[in-house]
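Take a look at the letters that make up each chain.
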Amino acid sequence: MKKHYILFGSIYCVAIAALFSTLMYLYSKSKVDEVNMFYKNSFAQQFWAYENPDVFNDTSAESDAQDSSAESDAQDSSAVSNDVTSEIDMGACISEFYSNQMYSYNDAYGAGYYNAIISLDDDYRVVAESRDFIYVRKYGDGMYESKIAFPIGKLKDPETKYYYEYSGFDDTMVDGAFIYNGQGEMSSYDERFELVLERPWYINEKNGQSFADWAKNSELEFRPEIYNNNAGNEKNNLKAKAQLNQYLDKYKSGEAGEGYLLEETGFFTSRYVYFVKYKKIMMMTYSAFCKPFSIALKQNKKFYTYALLLFMLIEAATIFSIRRLYLNQKSFEIRSQRLTRGIAHELKTPLAVTKACVENWEYIDEKDRPEYSKKINAEVDHMAGMITKLLELSKLNGGKDQVNREDIDLLKLTQKVYSEMRELAKEKKLDVSISGYDDDKDKEYIINADPEMMHIVVSNFISNAIKYSESYIKIALSDLGKKIEFRITNDGATIEKKDIPKVWDVFYRTNEARNDRITSSGVGLAVVKSILDLHKAKYGCESNVHNTTFYFIIEKAKEN
């Protein structure tokens, strides 16, 4: 039986787990789709910029009108000899590159990305790539302009997003797109941010001016843009970079062309790689890497936590229910075995006596036969009574009997039942008292119950008390307001605490050695239990070294 319940419970638990997993997958799939859509839209902002190169301030038309000296100055300003700066304003292009990077990923937490401008005329040299920078905006006279500054080394993660105070930068210069060279510090409230600035090779020194002149009579706003913290973490950014380099190798070998080289939207991993040429001399590249499911977990961690707790509670409740079913079934089987043994035990003696009398009937003297006839009748009556009680118990437990309720006085019923057993109590010389019997004859204890069933209850309690009592029995009825309590106490043997729950079982007796004819069938209290359950009454047993008490508490009849 135990194996069957374990199998049954396992099937239920697995079924619940499967249903939970399915529901969680469908929910997670919807959230992952939302994450993928968000990041795809964020990535599209980058693609739009690359597909619309006018945003990079193309100045090639103006370059034709420039004289040779200007072209020579521009070439001299470049630290590296290449043709890129001769056809486009590289500084403006790179400035737009970083500005676009900043605005595309303000909310893209959790993704790794890597952008790069690659020179096609210089063996695929990386001209600019994703990195930390300072975005500086100048306000004044109703106008504003912005510049990019590159710090030497990695920026620390600031507590403040914007800084409006600064000092130093005495040797710092500003060209058309960048702030470069020198050092100083930004500050806001109690936070200080020290900076040492780079001097990139693509700076246009011809159009340069001092930082002090550029910032004069203006308000500056410094905004740190930290590459590894702005749109994910360093690990995912490195994956995006490795991903781009892989496709760059394919591009070099001719295996990959331009456009969307990779657009893979998955449940656990999403990847994007995009290449596009600009002016046939540079390649704008973009790579992104994210884990949608991990991001969805972080964004909806409360829901997943509560869902997991609910799942664990349901599984625990299922296991508890299966275990309770198993214990109830086991208890039922134990009671059934005890009932079988009890019936066999109770029937064995009267059947043996009856059989012996019948078998020896012809050897019994004529004068003794009436006595033996009485003995046979007594044994048959005993067996018939026991079988009748078992049938009553079966009907009560099966719920087949109807409770025919009517208003009855519990005190008068108790007095009537005791009068039927008074002689038995006198034979044992017991002192019996019933509260209200002598001192308050007018007091009524009206309940709404089945008279016959309540007669059985009171009769069983009194007969058991007479059977086990040594010297006295006290019956007390109490008015508890909306309920009435019946208590019967005797000074019989103590019932062990561990045995108290068993007294309501069929054929259980505290002392199996007793052979008293009063309620000896052992089914009395089991019938009482069933009747009181039908009447929704509370009942119990209390026992100590001095006395033993049985009681029940039942609803009082409603007043008309």
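This is a predicted model, so every value here is computed, not measured.

Criteria and cut-off values
Residues numbered from 1 in each chain as written. Predicted model: local features only at pLDDT ≥ 70, side-chain atom pairs only at ≥ 80, totals over all residues. Heavy atoms only, no water. Helix = DSSP H or I, 4+ residues; strand = E, 2+ residues; numbered from the N terminus. Buried < 20%, exposed > 50% of the residue type's maximum accessible area, 1.4 Å probe, protein only. Contact = heavy atoms within 4.5 Å. Areas by Shrake-Rupley, 256 points an atom, 1.4 Å probe, with all protein chains shown as cover. Axes fitted to C-alpha atoms, helices over the stretch in contact; angles between N-to-C directions. Parallel < 35°, antiparallel > 145°, perpendicular 65-115°, else oblique. Left-handed = near helix turned anticlockwise from the far one by under 90°. Salt bridge = Lys/Arg side-chain N within 4 Å of Asp/Glu carboxyl O. Pairing = 2+ DSSP bridges. Polar contact = N/O pair within 3.5 Å; in protein donor to acceptor, adjacent residues only side chain to side chain. Core = buried A, V, L, I, M, F, W, Y, C linked by side-chain atoms within 4.5 Å. Expected span 1.5 Å × (residues − 1). Arc of directions from axis to C-beta. Phe/Tyr/Trp six-rings, centres within 6.5 Å; stacked < 30°, edge-to-face > 60°.

The next thing to look at is the overall build of the protein. Of regular secondary structure, the protein possesses 14 helices and 21 strands. For the protein, with 560 residues in total, the buried portion stands at 43%. At a minimum sequence separation of 6, the contacts of the protein that also span at least 24 residues come to 71%. When the accessible surface of the protein is totalled, it reaches about 31,500 Å², and 51% of it is carbon and sulfur.

Attention shifts here to the packing of helix 12 (residues 410-427) against helix 13 (residues 451-468). Packing of helix 12 against helix 13 leaves a shortest axis separation of 9 Å and a crossing angle of 40 degrees. Taken together, helix 12 and helix 13 sit at an angle that is classed as oblique. Note on packing geometry: the crossing formed by helix 12 with helix 13 is right-handed. For the pair formed by helix 12 and helix 13, the contact residues are Leu410, Leu413, Thr414, Val417, Tyr418, Glu420, Met421, Leu424 and Ala425 on the first element and Met454, His455, Val458, Ser459, Ile462, Ser463 and Ile466 on the second.

Counting across every chain of the model gives 18 salt bridges. In this structure, Asp499 engages Lys502 in a salt bridge whose closest nitrogen and oxygen atoms are separated by 3.9 Å.

What follows is about the sheet that holds strand 2 (residues 125-129). The strand order across the open sheet formed by five strands is 2-1-14-13-12, and the pairing between neighbours is antiparallel. Edge positions in the sheet fall to strand 2 and strand 12 (259-265), since each of these pairs with one other strand and no more. Within the sheet, the average angular offset between the axes of one strand and its neighbour, ignoring direction, is 20 degrees.

Here we have five strands laid out as an open sheet, ordered 16-18-19-21-20, and mixed in their pairing. Edge positions in the open sheet fall to strand 16 (431-434) and strand 20 (538-543), since each of these has one partner strand only. Averaged over all pairs of adjacent strands, the angle between strand axes in this sheet comes to 10 degrees, irrespective of strand direction. Taken together, the eight bridges between strand 19 (residues 483-490) and strand 21 (residues 548-555) define a ladder with antiparallel strand orientation. Bridged to Thr489 within strand 21 is Thr549. Each of strand 16, strand 18 (472-479), strand 19 and strand 21 is contacted by helix 12, which is oriented at about 170 degrees to strand 16, the strand it contacts most.

Among the secondary structure elements, Asn36 is positioned in helix 1 (residues 2-51). For Asn36, a relative accessible area of 7% corresponds to the buried category. Through-space distance from the C-alpha of Asn36 to that of Phe267 is 8.7 Å; in sequence the pair is 231 residues apart. When sequence neighbours within four positions are dropped, the list of residues in contact with Asn36 reads Thr265, Gly266, Ser270, Tyr272 and Pro292. Among the polar contacts listed, one links the side chain of Asn36 to the side chain of Ser270, at a separation of 2.6 Å.

In this structure, Ile94, Tyr98, Ile117, Phe178, Phe275 and Met282 are the most contacted members of the largest nonpolar core, which totals 57 residues. Beyond its immediate sequence surroundings of up to four residues, Ile94 is in contact with Ile117, Val127, Ala128, Phe178 and Tyr202. Counting 42 residues, the second-largest nonpolar core is a separate cluster that includes Leu410, Met421, Ala449 and Met453.

This next bit is on helix 8 (residues 234-253). With 20 residues, helix 8 should cover 28 Å at 1.5 Å per step; its first-to-last C-alpha distance of 29 Å lies within 8% of that length. For helix 8, the full list of buried residues reads Asn236, Asn237, Ala240, Gln243, Leu244, Tyr247, Leu248 and Tyr251. For helix 8, the angular spread of the buried residues around the axis is 140 degrees, confining them to a single face. Exposed side of helix 8, more than 90 degrees from the buried face: Lys235 and Leu238 are the residues found there. Taken from the residues just after helix 8, Gly254 is the one with a positive phi, measuring 85 degrees.

What follows is about the packing of aromatic side chains. In total, this model carries 31 aromatic pairs according to the counting rule given. Here the aromatic rings of Phe268 and Phe293 are separated by 5.6 Å at their centres, their planes lie at 80 degrees, and the arrangement is edge-to-face. Here Phe268, found in the loop between strand 12 and strand 13 (270-278), pairs with Phe293, found in helix 9 (residues 292-299); they are 25 residues apart in sequence, far enough to count as distant. On the basis of relative accessibility, which here comes to 55%, the residue Phe268 falls in the exposed class.

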